[in-house]
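Read off the chains here:
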Amino acid sequence: MRAKERTFVAIKPDGVQRELVGEIIKRFETKGYKITALKMLQVTDEQAKAHYAEHEGKPFYPRLIRYIQSGPVVAMVVEGYNAVAGVRHLMGSTDPDKAEVGTIRADFAEVMEYNVVHGSDSVESAEREIKIYFNENEIYAQRKCMEELVVEYLDAD
Ligand code: UDP
Ligand code: MG
């Protein structure tokens, strides 16, 4: 049984600098997922360390921290059925050379280090990462259905 999940997605600084924000968001939206929170921000030292804590000590860690802070990122909460694995599938493998053609990383990234997009790897990671970047009151999971508003408007007179 597939559950509705939320996941944390970030368009990394290279994606923002290369004007790929619209293109990347479009892939999640056309898939059917809902963007329930969105903001552009400069990642702080504290956020970078918390986000990538699992990689501390690895050879690429210092470069990764520098990369994620090299310019603004676009942070999002994405919601949908099986969204954690689904977003990872749309993103493709960490290494763009191994990612399937048609995925974000295969289509828009050249090297593993600078791979344009981040997506949580599990429901637990998603909840942890969402907290690093968002307050619960910045997440708009419940929206009034537009159709209801239209009917309300049409019935008004
Ligand atoms: N990364 C890197 N070299 C590596 C592995 C990872 O520069 O050998 C970077 C890359 O930007 C990647 C991020 O570190 O997206 C986090 O690595 P992870 O293994 O968690 O990959 P992801 O979950 O992003 O696919
Ligand atoms: Mg990861």
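Quick summary incoming for the structure in this document. In this text, all values refer to a predicted model and were calculated from it rather than measured experimentally.

## Here we look at the pattern of salt bridges
The full count for this structure, using the stated rule, is 8 salt bridges. Of the charged contacts in the structure, one is a salt bridge between Arg 63 and Glu 113, with a shortest N-O distance of 3.3 Å. One end of the pair, Arg 63, is in helix α4 (residues 61–68); the other, Glu 113, is in the loop between α6 (104–108) and β4 (117–119), with 50 residues separating them in the sequence. By relative accessible area, which is 37% here, Arg 63 ends up partly exposed.

## Re unusual backbone geometry
With phi around 55 degrees, Asn 82 is a residue other than glycine that occupies positive phi space. You can see Asn 82 is positioned in the loop between β3 (73–81) and α5 (83–91). Positive phi, normally seen in glycine, also occurs at Val 116, with a value near 75 degrees. Structurally, Val 116 can be placed in the loop between α6 and β4. The class for Val 116 is buried, based on a relative accessible area of 0%.

## A word on the packing of aromatic side chains
Tallied over the entire structure, the rule returns 3 aromatic pairs. Residues Phe 8 and Phe 134 carry aromatic rings whose centres are separated by 6.5 Å and whose planes lie at 65 degrees to one another, so their mutual orientation is edge-to-face. Of the two residues, Phe 8 is situated in strand β1 (residues 4–11) and Phe 134 in the loop between α7 (123–133) and α8 (146–155); the sequence distance between them amounts to 126 residues. Pair check on accessibility: Phe 8 and Phe 134 agree, each one buried. In this structure an aromatic cluster arises from ring pairing among Phe 8, Tyr 133 and Phe 134.

## Concerning the site of ligand 1
Lining the immediate surroundings of ligand 1 are Lys 12, Tyr 52, His 55, Phe 60, Leu 64, Tyr 67, Arg 88, Thr 94, Arg 105, Met 112, Glu 113 and Asn 115. In this structure, Thr 94 approaches ligand 1 through a side-chain N or O atom, which is 2.6 Å from an oxygen atom. Expressed as a share of its isolated accessible area of 500 Å², the protein-covered part of ligand 1 is 84%.

## Observations concerning the side chain of Arg 105
Counting through the fold element by element, Arg 105 comes out in helix α6. Buried charge Arg 105 goes without a salt bridge, the closest partner of opposite sign being Asp 14 at 8.6 Å. Among the polar contacts listed, one links the side chain of Arg 105 to the backbone oxygen of Val 117, at a separation of 2.8 Å. Those residues within four positions of Arg 105 in sequence are excluded, and the remaining contacts are Lys 12, Met 91, Gly 92, Ser 93, Thr 94, Pro 96, Ala 99, Asn 115, Val 117 and His 118.

## As for a nonpolar patch on the surface
There is a patch of nonpolar side chains on the surface, built from Met 146, Leu 149, Val 150, Tyr 153 and Leu 154 and spanning about 530 Å² of accessible area. Relative to the assigned elements, Leu 154 resides in helix α8. Since its relative accessible area comes to 54%, Leu 154 is described here as exposed.

Cut-off values and rules
- Residues numbered from 1 in each chain as written.
- Chains lettered and ligands numbered in written order.
- Predicted model: local features only at pLDDT ≥ 70, side-chain atom pairs only at ≥ 80, totals over all residues.
- Heavy atoms only, no water.
- Salt bridge = Lys/Arg side-chain N within 4 Å of Asp/Glu carboxyl O.
- Helix = DSSP H or I, 4+ residues; strand = E, 2+ residues; numbered from the N terminus.
- Buried < 20%, exposed > 50% of the residue type's maximum accessible area, 1.4 Å probe, protein only.
- Phe/Tyr/Trp six-rings, centres within 6.5 Å; stacked < 30°, edge-to-face > 60°.
- Near = heavy atom within 4 Å.
- Polar contact = N/O pair within 3.5 Å; in protein donor to acceptor, adjacent residues only side chain to side chain.
- Areas by Shrake-Rupley, 256 points an atom, 1.4 Å probe, with all protein chains shown as cover.
- Lys, Arg positive; Asp, Glu negative; His and termini not counted.
- Contact = heavy atoms within 4.5 Å.
- Patch = residues over 30% accessible without salt bridge, like charges linked within 9 Å, V, L, I, M, F, W, Y side chains within 5 Å.

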